[in-house]
Amino acid sequence: MNEAVQKYVEKANKIQAERQRYIKEEVKKWRFDTIAVHGTYSVNEAIENNQGAIIEPMFLSSAQAYRDCDEMEAAMTYQIPNWAYTRIHNPSQGYLEDTLALLDGYGSGCETSCFVTASGMAAISAAIHPLLAHKNGEAVNFVACAQVYGGTFQLFNVRRMQEQGIECRWVGDPNNLDEWKSKIDKNTRFLYGELPSNPGLSFFDLKKVCALAHEHGLPFIADSTVATSALLRPIEHGADIVVHSVTKTMTSGGLTIAGAVIARKNIVCNLPNDAMKADFARYCLLWPNRDSGGSLSPLHAILALNEIRTLRTRIDTLSQSSMKVAKFLEQHPKVAKVNYLGLESHKLHGLAKKYLWLVDAKYDAQYGKDVNRYGHLLSFIPKGGVPAARLALDGLKRIWRATDLGRIKSIATIPAISTHQQMGEESRSLAAIPGDLIRLSVGGEHPDDIINDLDQALALAKVK
C-alpha cells in the first residue's frame, strides 16, 4: 500500500473508531424507542456534515466522487467506508441499516449488522443465495416450514427447486422437531421459518428449532415481517439471520417498498467461508448483493426510516385493536373459525405468549410491566364455505380489498385467490390455507368502525 493510500485509510480508521465508540457507549444504552427515533445519526454528524439537518439527509445522487486516485483506490478495495455507486451502497441506505440492525439486536447482547434491499422478496433471495453456493452436480438442500408467504413458497418451490434443482424440504408441522430433524442431512445448508406466518398465523418454538439447526452446524433464518422487532427479535432466541419485508408492518403508510436482512456476527454455518460467517450482512452487501443489483432506493430508505421512528407505539395500538376485532369475530354467529394468536382459544396461544411481548413495556409509564401483544394480522373463515367468503369480502365498505398488509388502513383478501393462488391447491393444503379463509390486516381506524364494517359484510354473506 502506498503512503498516499495509507493516509486515507488511517483517517477513515479514526472516523470509524469514533463511530463505534458512539454506538457502543451511547446508542446501545438507549431504549428501543430512542434507537428507533435517532438510529446512529448524531447531532455532531448533522452539524459537521449536513448543515445541521435534524432528519437524515436523502442522497439521491447515483455515484460518489473522490479527491484523487489514491482515495478511489482505497475506497474501491473496501479499505475505507464509501458508497461509490448506489447499487453498491448509499448513505441514506446506511442510516436505515444502522437502525434496523440495532432494533433487531436489541436486548440480545449480540453484535448485529444489516443490509437493505429493494423489496422483502429481494431480502429473502439475498439471504439464501450465498448459503446455497455449490459446485456443478453437488446436491444441495434446505429445510423450511410450509406456512410461509406465497411469494416465499414460489421462490423456494419453483425458482430454487424446480428451476435450479436445489431441493426445498417442506415441514408441515413446524412444532414437530422430529419432522425438522428428519429433513436434515449432510447436504442441508440452512433452516427457515416464518413466525407468525402469513396468513394462517402459525407459530413454533423458535428456541428449540434454532438449537436443532445449530446442533447440525446450520444457520436458522427467521422471517419476522408480521411481528417486527417491536414484538419479536428472533436473534435474541438463537436465530442467525432475520428477514423483513419492510414494505409491510414496519412502514404502515403504504408508500414504501423495501426489504432487510439482519444477521448476528459469527453465524453458525457449515460452509468454508470465514468472511461470510464473521459478518454475514456486510459480506452480502459488499459482494453478492452488489452483483445481483437488488439495492434499495435512497428515497424509500428515508421514507422507511421516518415511519420506523414510531414503530413500538403503532404496533401496540394495532395489536389492541386486532384483539378487539378478533374477539368480535370469535363470537359472531356467521364465523366458523378465527385465527389470532392473542385468543386463548387458539391452539398456539400459549406458545405465542411465550415469545410475543411489547418491547420495553415495563419501562412505559402506561404499563410498568411486561405486556403481551399479538400483532395486527388475523384470519377467519365465514360459515358457508367459499361462496360466503367471497360475498363477505365483496360486502366490505370501509376495509379495503387488496393484497397488501401492515397498512395504517385495514385491508382484507382471500389468499387462495390472491397472495397464495400460485401455490396450487395441494401446496395450500400443506400450508393450511383453505379457499374460504379471509385474511384481515387491522389498521389504525377505530376498532368499532372496523367491527361495524365486518358485521354488515357478514350479514350479506347469505348462501342459498
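Coordinates for the structure precede this section.
Here's what I pulled together on the structure shown here.

What counts, and at which threshold
- Residues numbered from 1 in each chain as written.
- Predicted model: local features only at pLDDT ≥ 70, side-chain atom pairs only at ≥ 80, totals over all residues.
- Heavy atoms only, no water.
- Core = buried A, V, L, I, M, F, W, Y, C linked by side-chain atoms within 4.5 Å.
- Buried < 20%, exposed > 50% of the residue type's maximum accessible area, 1.4 Å probe, protein only.
- Helix = DSSP H or I, 4+ residues; strand = E, 2+ residues; numbered from the N terminus.
- Contact = heavy atoms within 4.5 Å.
- Pairing = 2+ DSSP bridges.
- Disulfide = S-S within 2.5 Å.
- Phe/Tyr/Trp six-rings, centres within 6.5 Å; stacked < 30°, edge-to-face > 60°.
- Lys NZ or Arg CZ within 6 Å of the ring centre and 35° of its normal.
- Right-handed = clockwise from strand over helix to strand, strands pointing away.
- Arc of directions from axis to C-beta.
- Salt bridge = Lys/Arg side-chain N within 4 Å of Asp/Glu carboxyl O.
- Axes fitted to C-alpha atoms, helices over the stretch in contact; angles between N-to-C directions.

Turning next to the nonpolar core. Residues L100, F156, F220, L329, F380 and L454 are the most contacted members of the largest nonpolar core, which totals 140 residues. In terms of residues, this core owes the most to one element, helix α14 (residues 311-331), which gives seven residues. Leave out the neighbours within four places in its chain, and L454 touches V325, F328, L329, F380, L396, I399 and L440. Grouped together as the second largest cluster of nonpolar side chains are ten residues, V5, A12, Y66 and I80 included.

What follows covers the sheet that holds strand β12 (residues 438-441). Pairing within the open sheet is mixed, and its five strands lie in the order β8-β9-β12-β11-β10. On the outer flanks of this sheet lie β8 (335-339) and β10 (400-401), each paired with one strand and no other. In this structure, β8 lies alongside strand β9 (residues 377-382), joined through four bridges in antiparallel fashion. Following the sheet pairing, V335 is matched in β9 by P382.

What follows is about the pairing of strand β6 (residues 241-245). With five of five residues buried, β6 lies mostly within the body of the structure. Relative to β6, strand β5 (residues 220-223) is paired through three bridges, and the arrangement is parallel. Of the residues in β6, the one forming a bridge with D223 is V243. Sheet analysis places β6 next to strand β7 (residues 259-264), joined by five bridges and oriented antiparallel. Opposite H244, over in β7, you have A260 as the bridge partner.

Here A336 shows up in strand β8. The spatial distance from the C-alpha of A336 to the C-alpha of H237 is 34 Å, given a sequence separation of 99 residues. In this view, A336 contacts I381, P382 and K383; residues no more than four positions away in its chain are not counted.

Further remarks concern the state of the cysteines. Within the structure shown, the criterion is met by zero disulfides. Take C168: it sits in no disulfide, and the sulfur closest to it among the cysteines is that of C145, at 9.4 Å. Not part of a disulfide, C269 finds its nearest cysteine sulfur in C284, a span of 10 Å.

If you walk through the whole model with that rule in mind, you get 13 aromatic pairs. Ring centres 5.9 Å apart and planes at 45° place the aromatic pair F203 and Y355 in the tilted group. Here F203, found in the loop between β4 (188-194) and α9 (206-215), pairs with Y355, found in helix α15 (residues 349-355); they are 152 residues apart in sequence, far enough to count as distant. Taken together, the ring pairs connect F142, F153, F156, W170, F190 and Y192 into an aromatic cluster. Just above the ring of Y363 sits the side chain of R31; from NZ or CZ to the centre is 3.5 Å. The ring of Y149 carries K248 above its face, with NZ or CZ at 5.8 Å from the centroid.

All right, on to the pairing of strand β2 (residues 141-145) then. Where burial is concerned, most of β2 is hidden: five out of the five residues are buried. Residues of β2 alternate between two faces, with N141, V143 and C145 on one and F142 and A144 on the opposite face, all of them buried. Bridging between β2 and strand β3 (residues 167-171) involves five bridges; their strand directions are parallel. Paired with N141 across the bridge in β3 is E167. Taken together, β2, helix α7 (residues 150-164) and β3 constitute a β-α-β crossover, and its handedness is right-handed.

Okay, helix α16 (residues 385-394) next. Within α16, the full set of buried residues consists of A388, A389, A392 and L393. Taken down its axis, α16 places every buried residue within 130° of arc, on the same side. Taken together, the buried residues of α16 touch β9, β10, β11 (411-413), β12 and α18 (447-460).

Counted by the stated rule, this structure contains 20 salt bridges. Where E167 meets R169, a salt bridge forms, and the shortest distance between an N and an O atom there is 3.2 Å. Residue classification places E167 among the partly exposed positions, given a relative accessible area of 33%. Take R169: its relative accessible area is 19%, and that puts it in the buried class. As a salt-bridge pair, D316 and R373 come within 2.7 Å of each other at their nearest N and O atoms. Of the two residues, D316 is situated in helix α14 and R373 in the loop between α15 and β9; the sequence distance between them amounts to 57 residues. For the pair D316 and R373, a shared accessibility class is recorded, and that class is buried. If you follow the salt bridges from partner to partner, you end up with E18, R21, E25 and E26 in one network.

On to the sheet that holds β3. Here seven strands make up an open sheet; going across it, the order is β1-β7-β6-β5-β4-β2-β3 and the pairing mixed. Edge strands, defined here as strands with exactly one partner in the open sheet, are β1 (112-117) and β3. Taken over all neighbouring pairs, the strand axes of this sheet differ in orientation by 20° on average, direction set aside. For β4 and β5, the ladder comprises four bridges, and the chain directions are parallel. In the sheet register, E194 faces β5, and the bridge partner there is D223. Running over the sheet, helix α6 (residues 120-128) touches β1, β4, β5, β6 and β7 and is turned about 160° from β6.

Remember that the coordinates give geometry; whether it matters functionally is a separate question.
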